[in-house]
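# Per-entry structural report
So you can see what is in the structure, the chains are spelled out below.
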Amino acid sequence: MTRAAIPTTGEDHGEILASMKSMRGQDADWKHGRTWSLVYFAGDAHHQLLQDSHNMFFAENALNPMAFKSIKRMEAEVIAMSASMLHGPDDACGTMTTGGTESILMAVKAARNRARARGPKTQRPEIVAPSTAHPALIKAAHYFGLHVRKIPVGPDYRADVRAMRKAMNKNTVLLFASAPQYPHGVIDPIDELGRLALEWGVPFHVDACIGGFVLPWIEKLGHALPTFDFRVPGVTSMSADLHKYGFAVKGASVVIYRDMSYLEHQFFVETDFPGGVYASPTMTGTRGGGPIAAAWAALHAVGEDGFMEHTRIAMDAAQRLQQGIVAIPELQLVGKPDATLVAWCARDRAVDIYAVADRLEDAGWSVDRQHRPACIHHTVTSNHATVVDEYLADLRDAVAFVKSHPEVSARGNAAMYGMMAKIPFRGMVKQGVVQVLRGMYGPDAATFDPTKVGQDDGVMGKVMDVVGPTLNKVLDQVDRMRDAVRSR
Ligand SMILES: *Cc1c(COP(=O)(O)O)cnc(C)c1O
């Protein structure tokens, strides 16, 4: 192995850019709508504006707002614009962060510290959340020493308010729900949960990371939506990602609080550092000016009319996608999506959806596999309007192929995902995934191929080779028995 090192002499700019461009050749084609997640593209002109505005401020550092008043002002205005959109009260305030995860980390940290500051100290602060809450919440609890009570959702995949009510106790420092939740695209009953939060006098965070910059426009377009934002009295904080439907540059999200009495617990101040008193509003120290500037530019450039138009097109595409899926007899929708997130699963047992996903990938689509239930997820944007028909045609072909070639479900990715979804020993799954991470971030990271894990001589691979096929059969049997019980 030759390890990469900084070249002894600096290289030619043109050659550097050329080699980066060639590396890009293997990446997913987001620009032409082939990725059903990860990238939110609002057209070439907007893209250019993002580059220009980001580049204008990429050297500035928001760590010191005194030095860069421009950045401070843009951040304040992005917060204000977002708070207005989400019907925050006049006292609403917040910070920009690097993304949804950081926004959620901050909301959790603020809730924990607020509880510490106010009451008798709880040894074991808890968060009550539906099982569909984004992993960023679990990560926050993992980092900050809280416990999440994950409450199973109802048959419609929405938070089960009665069960969440039962889970509340004196250790609860935060109630958490999503608008919408990511896996099935449905909005939790924010209104009822808001009342629950008020009864208990605990903060209530609404994770609108993906919905924040699309639900307001869906509502304005006249679609019936439950109230999901600060209009619900119990809601005390919200996260909304500018780098998703806000069409900003990656590294931009907002966390907004009802008033300063919540936000102040997010701040960090160290007074003894020899380098001076150090204050920081969020997780990071140095904060790039680029994402803040580009987010400010994005909101100004798109404007309400632009957001309405993008949302109208995306909703139309999402609806056409749903109609197309429903028309395939072997498939069905998962839940009744409220917004532009659509998931489908198999209605026909003979169709292994992970094998369908593999076929779609071979046809150049990048799709997201979910489990519980086993399904395929799409984040639909205006950029997908022109590819929906082509996708549906490929989907019909893929389903037909898998149905007539059942053996493909035992191969490659399909086999791995199928196993990961069904295996009851989650500790074993975690171990396998950690093995992949070790490879991806270890000394051989540059040449590591994650698809090879499990096939090599790793312990996990060996174990799965031996017990895998039997285990799969047993699990299938269990599935069939469950189906039989259900259909009675
Ligand atoms: C994307 C997302 C997050 C996490 O945001 P990142 O920007 O990926 O850190 C959290 N919650 C929901 C519902 C999301 O869709």
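Residues numbered from 1 in each chain as written. Predicted model: local features only at pLDDT ≥ 70, side-chain atom pairs only at ≥ 80, totals over all residues. Heavy atoms only, no water.

## A word on the environment of Arg195
Here Arg195 shows up in helix α7 (residues 190-200). Residues Arg195 and Asp389, 194 residues apart in the sequence, show an inter-C-alpha distance of 43 Å. (Helix = DSSP H or I, 4+ residues; strand = E, 2+ residues; numbered from the N terminus.)

## Examining the packing of helix α10 (residues 289-326) against helix α12 (residues 388-404)
Look at α10 against α12: their axes get within 10 Å of each other, and the N-to-C directions meet at 20 degrees. Looking at the two axes, α10 sits roughly parallel to α12. Between α10 and α12 lies a crossing of right-handed hand. The segment α10 lies against α12, with Ala317, Arg320, Leu321, Gly324 and Ile325 engaging Val388, Asp389, Tyr391, Leu392 and Leu395. (Axes fitted to C-alpha atoms, helices over the stretch in contact; angles between N-to-C directions. Parallel < 35°, antiparallel > 145°, perpendicular 65-115°, else oblique. Left-handed = near helix turned anticlockwise from the far one by under 90°. Contact = heavy atoms within 4.5 Å.)

## Examining the pairing of strand β13 (residues 375-379)
Summarising burial for β13: five of the five residues are buried, a large majority. Of the two faces of β13, the one carrying Cys375, His377 and Thr379 and the one carrying Ile376 and His378 are both buried. With four bridges connecting them, strand β11 (residues 341-346) and β13 associate as antiparallel partners. Across the sheet, residue Leu341 finds its bridge partner in β13, namely Thr379. In the sheet, strand β12 (residues 368-370) pairs with β13 via three bridges, with the strands oriented antiparallel. Paired with Gln370 across the two strands is Cys375, which belongs to β13. (Buried < 20%, exposed > 50% of the residue type's maximum accessible area, 1.4 Å probe, protein only. Pairing = 2+ DSSP bridges.)

## Comments concerning the nonpolar core
In terms of nonpolar packing, the biggest core is built from 65 residues, with Met96, Leu175, Ile190, Leu193, Phe204, Phe228 and Leu242 touching the most fellow members. For this core, the element with the most residues is α10, which contributes nine residues. Residue assignment places this core across two domains, with domain 1 (53-301) and domain 2 (310-487) each supplying three or more. Ranked by size, the runner-up nonpolar core spans 32 residues in total, among them Val351, Leu360, Trp365 and Val408. (Core = buried A, V, L, I, M, F, W, Y, C linked by side-chain atoms within 4.5 Å. Domains from an automatic or database assignment.)

## Quick look at the site of the ligand
Inspection of the region around the ligand gives Gly99, Gly100, Thr101, Ile104, His134, Tyr182, Asp207, Cys209, Ile210, Asp241, His243 and Lys244 as its neighbouring residues. The side chain of His243 places a nitrogen or oxygen atom 2.7 Å from an oxygen atom of the ligand. Lys244 has a polar side-chain atom sitting 3.1 Å from an oxygen atom of the ligand. Out of a free accessible area of 380 Å², the ligand has 84% covered by protein chains. At three residues, the largest contribution of residues to the shell around the ligand is made by helix α4 (residues 100-118). The class makeup of the residues in the shell around the ligand is four nonpolar, five polar and three charged. (Near = heavy atom within 4 Å. Polar contact = N/O pair within 3.5 Å; in protein donor to acceptor, adjacent residues only side chain to side chain. Areas by Shrake-Rupley, 256 points an atom, 1.4 Å probe, with all protein chains shown as cover. Nonpolar A, V, L, I, M, F, W, Y, C, P; charged D, E, K, R; others polar.)

## What to know about the domain arrangement of the protein
The assigned domain composition of the protein is domain 1 (53-301) and domain 2 (310-487). Inter-centroid distance (C-alpha atoms) of domain 1 to domain 2 is 30 Å. Contacts between the two partners involve 20 residues from domain 1 and, on the opposite side, 22 residues from domain 2. With both chains or domains summed, domain 1 and domain 2 bury close to 1,700 Å², and 63% of this area falls on carbon and sulfur atoms. Per-residue buried area on domain 1 facing domain 2 is highest for Tyr182, His184 and Tyr245; these three make up 31% of the total on that side. Summed over the shared surface of domain 1 and domain 2, the number is one salt bridge. Scanning the region where domain 1 abuts domain 2 turns up eight residue pairs in polar contact (both at pLDDT 80 or more). (Buried area = accessible area lost by both parts, 1.4 Å probe. Salt bridge = Lys/Arg side-chain N within 4 Å of Asp/Glu carboxyl O.)

## What about the environment of Val433?
With respect to the secondary-structure elements, Val433 resides in helix α14 (residues 426-441). A relative accessible area of 38% means that Val433 is categorised as partly exposed.

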